[in-house]
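Given next are the chains, with one letter for each unit.
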Amino acid sequence: MSEIFVGIPEIKYEGSSSKNPFAFKYYDPEKVILGKKMSEHLPFAMAWWHNLCANGTDMFGRGTADKRFGASSEGTMEHAKAKVDAGIEFMKKLGIKYYCFHDVDLVPEADDINETNRRLDEITDYILEKTKGTGIKCLWGTANMFSNPRFMNGAGSTNSLDVYCFAAAQVKKAIELTVKLGGKGYVFWGGREGYETLLNTKVKFEQENIANLMRMACDYGRSIGFNGTFLIEPKPKEPMKHQYDYDAATAIGFLKEYGLDKDFKMNIEANHATLAGHTFQHELRISRINGMLGSIDANQGDVMLGWDTDCFPSNVYDTTLAMYEIVKNGGLPVGINFDSKNRRPSNTYEDMFHAFILGMDSFALGLIKAAEIIEDGRIEKNIEDKYSSFNSELGKKVREGKATLEELAGRASELKAPSDPGSGKQEYLEGVLNNIIIANN
Ligand code: XLS
Ligand code: NI
Ligand code: NI
């Protein structure tokens, strides 16, 4: 097979002083941080859809990037195979070991689901053949239950039993493919699972149907040997006005309500967090403290635009605080998927590589800085000190749930007025963070 990304070399680590546009400045896979190699801390994945399918088409104009990768036309099995060839060469050149996919990213969808499934079997055989001996595997798979017009009223939340059966069939096939490709996770992102108006919607009915679909997915997945993690990817809106998996807290509550919390964890996407009015770190923290942090979709939004722009992550403050949560979580059971796309005018093969170099370096630098926050200790010590009044005898009783209102009221009465709870020291702490992030690397 001939080279597709001609002239683009394997991307190597050269250090922060390198000016080579095709080199990593911070991502050094072999470097050991907090006792683990960077490559183990950062299980990076390529999103099939953004990298190999998206060509820059937007609501106002046609595509700007040629993603045929040598195939004579788009929407054919020849093109599907060219995408596999391109994807593998791309991952090899960057040293990326994982990819994520939707069923319809891999092949053009046929009018008959049986033919679509046959195409999926053919392409996944091809992927397995081409990745043999490379160490490249699937990170997670999913079914696209939002693009086809049949899902206009929802997939798991649809009003139509026929459509519900098609959602089930796609989930079944996508789990089978995920297992076949060695995937560690299976994702539900509920793009159409929500509503436009309550004037035509039975909310409880729809939520119960979604939960039943997820329960069937777990039962089926476990029955065919899927030992990985099922994931919900919360998003508050877009495409629907209101989506049921609004944010991590909402999705975790839903999983607990329907007894799915043992099989599922969260796949947190940075840009979805900001759409929900949260920081990325907030969503990671809420997931982590509930034992539900499974995977991340790495990208970033644009405050000036305000929609899911899926930009490649460049903000090192955000990646540092994200990696802090991930390190504190003991790593991620699944991994780090770049659910990110080039901006429309960045339309060359070189731009595809620059985007991943940016994203991988931003996370590598975030990891380095997160380790420094932990080793430096000032921020964590301040938090310990802030809550230290609970180390007293009475404080311990409260923590253990053994105190009574009478006893606490008795202490308040003795004190007459409480002591000053102490400064939050926010500006001091932000200065410490600056000091750590800006210090030389
Ligand atoms: C869309 C989502 C989607 C999921 C996978 O906003 O991020 O790309 O990650 O269906
Ligand atoms: Ni995503
Ligand atoms: Ni998204």
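Above this text sits the structure in question.
Residues numbered from 1 in each chain as written. Chains lettered and ligands numbered in written order. Predicted model: local features only at pLDDT ≥ 70, side-chain atom pairs only at ≥ 80, totals over all residues. Heavy atoms only, no water.

Novice: Is there a simple way to think about the coordination of the nickel ion (ligand 3) in this case?
Specialist: Ideal coordination angles are 109.5 degrees for a metal with four donors arranged tetrahedrally and 90 or 180 degrees for a metal with six donors arranged octahedrally. Taken together, the protein donors to the nickel ion (ligand 3) comprise Glu269 (OE), His272 (NE2) and Asp308 (OD), at separations of 2.1 to 2.3 Å. Mapped onto the sequence, the donors of the nickel ion (ligand 3) take the spacing E-x2-H-x35-D. The two metals, the nickel ion (ligand 3) and the nickel ion (ligand 2), are separated by 3.8 Å and share Glu269 as a common coordinating residue. Judged by its relative accessible area of 2%, Glu269 falls in the buried class. Assessed through its relative accessible area of 3%, His272 is described here as buried. (Donors = N, O, S within 2.8 Å, 3.2 Å for Na, K, Ca; no water. Buried < 20%, exposed > 50% of the residue type's maximum accessible area, 1.4 Å probe, protein only.)

Novice: Looking at this structure, I do not really get the sheet that holds strand β13 (residues 293–297). What am I missing?
Specialist: The strands making up a sheet associate through hydrogen bonds between their backbones, and the pairing can be parallel or antiparallel. The eight strands are arranged β5-β6-β7-β8-β10-β12-β13-β14 in a closed barrel whose pairing can be described as parallel. Adjacent strand axes in the sheet meet at a mean angle of 30° when their direction is disregarded. Inspection of the sheet shows strand β7 (residues 137–142) paired to strand β8 (residues 185–188) by two bridges, in the parallel sense. Paired with Trp140 across the strands is Gly185, a residue of β8. Those strands touched by helix α10 (residues 280–289) are β12 (264–269) and β13, and its axis lies near 170° from that of β12. (Pairing = 2+ DSSP bridges. Helix = DSSP H or I, 4+ residues; strand = E, 2+ residues; numbered from the N terminus. Axes fitted to C-alpha atoms, helices over the stretch in contact; angles between N-to-C directions. Contact = heavy atoms within 4.5 Å.)

Novice: Help me understand the nonpolar core in this model?
Specialist: A general feature of soluble globular proteins is that nonpolar side chains tend to end up buried together. Leu94, Tyr99 and Phe363 are the most contacted members of the largest nonpolar core, which totals 107 residues. Top element by residues in this core is helix α12 (residues 349–376). It accounts for 14 residues. When sequence neighbours within four positions are dropped, the list of residues in contact with Phe363 reads Leu42, Phe44, Phe280, Ile296, Ala298, Pro313, Thr319, Met323, Ile336 and Phe338. Listed in part, the ten residues of the second largest apolar core include Ala45, Trp140, Val187 and Leu231. (Core = buried A, V, L, I, M, F, W, Y, C linked by side-chain atoms within 4.5 Å.)

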